[in-house]
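Secondary and tertiary structure notes
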Amino acid sequence: MSLTPEQVERLSPNGKLLHLLGEARKRGDEEAERELRKQIVYPAEALLAAKINLGADWIRNEGLRTETAEEKYGKDWLDRDIRI
C-alpha cells in the first residue's frame with residue numbers, strides 16, 4: 001500500500017523513516033536502506049533481539065542507534081550477557 005504525501009507528512013519522525021526504508025527496499029537501494037537504519041530509534045527489546053540473533057558486532061557495524069537499550073539495560077549492554 002502506498003501512502004499519499006499527506007499521510008506521510010502525518011507520520012511520526014520514526015514512522016517517516018520506516019516509510020522511507022520501505023520505499024528504499026522496494027527500489028533495491030541497499031545504501032539508502034543502510035543509512036536509514038542508522039537513523040531509526042529502535043525499541044530496546046528489538047535491539048536486544050538483534051544482539052541475540054545477529055551479535056553485538058553486527059549492531060556496532062551497522063551503526064544502529066542504541067540509546068533505548070542503553071537506558072533500559074545500561075551503557076555496557078552490548079558487552080554483557082543479558083537474559084530476559
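Details of the structure are given in the entry above.
Calculation criteria
Residues numbered from 1 in each chain as written. Predicted model: local features only at pLDDT ≥ 70, side-chain atom pairs only at ≥ 80, totals over all residues. Heavy atoms only, no water. Helix = DSSP H or I, 4+ residues; strand = E, 2+ residues; numbered from the N terminus. Polar contact = N/O pair within 3.5 Å; in protein donor to acceptor, adjacent residues only side chain to side chain. Contact = heavy atoms within 4.5 Å. Salt bridge = Lys/Arg side-chain N within 4 Å of Asp/Glu carboxyl O. Buried < 20%, exposed > 50% of the residue type's maximum accessible area, 1.4 Å probe, protein only. Arc of directions from axis to C-beta.

This part takes up the side chain of Arg37. One can find Arg37 in helix α3 (residues 30-37). At a separation of 3.5 Å, a polar atom in the side chain of Arg37 contacts the side chain of Glu62. Once residues within four sequence positions are removed from consideration, Arg37 is found in contact with Leu21, Arg25, Tyr42, Glu62 and Leu64.

What follows is about the pattern of salt bridges. Applying the stated criterion to the full structure yields 14 salt bridges. As a salt-bridge pair, Arg34 and Glu31 come within 3.4 Å of each other at their nearest N and O atoms. Placement of the pair is Arg34 and Glu31 together in helix α3, with a separation of 3 residues, close to one helical turn. Among the salt bridges present, the one from Lys72 reaches Glu45, with a minimum N-O distance of 2.4 Å. With Lys72 in helix α6 (residues 67-73) and Glu45 in helix α4 (residues 44-54), this residue pair connects regions lying 27 residues apart in the sequence.

This brings us to α4. The set of residues buried in α4 consists of Ala44, Leu47, Leu48, Ala50 and Lys51. One face of α4 carries all of its buried residues, which in axial projection span an arc of 155 degrees. When the buried face of α4 is taken as reference, the exposed residues oriented beyond 90 degrees from it are Ile52 and Asn53. Of the surrounding elements, those touching the buried residues of α4 are α5 (56-62) and α6. In the segment just after α4, Gly55 is the residue with positive phi, at about 100 degrees.

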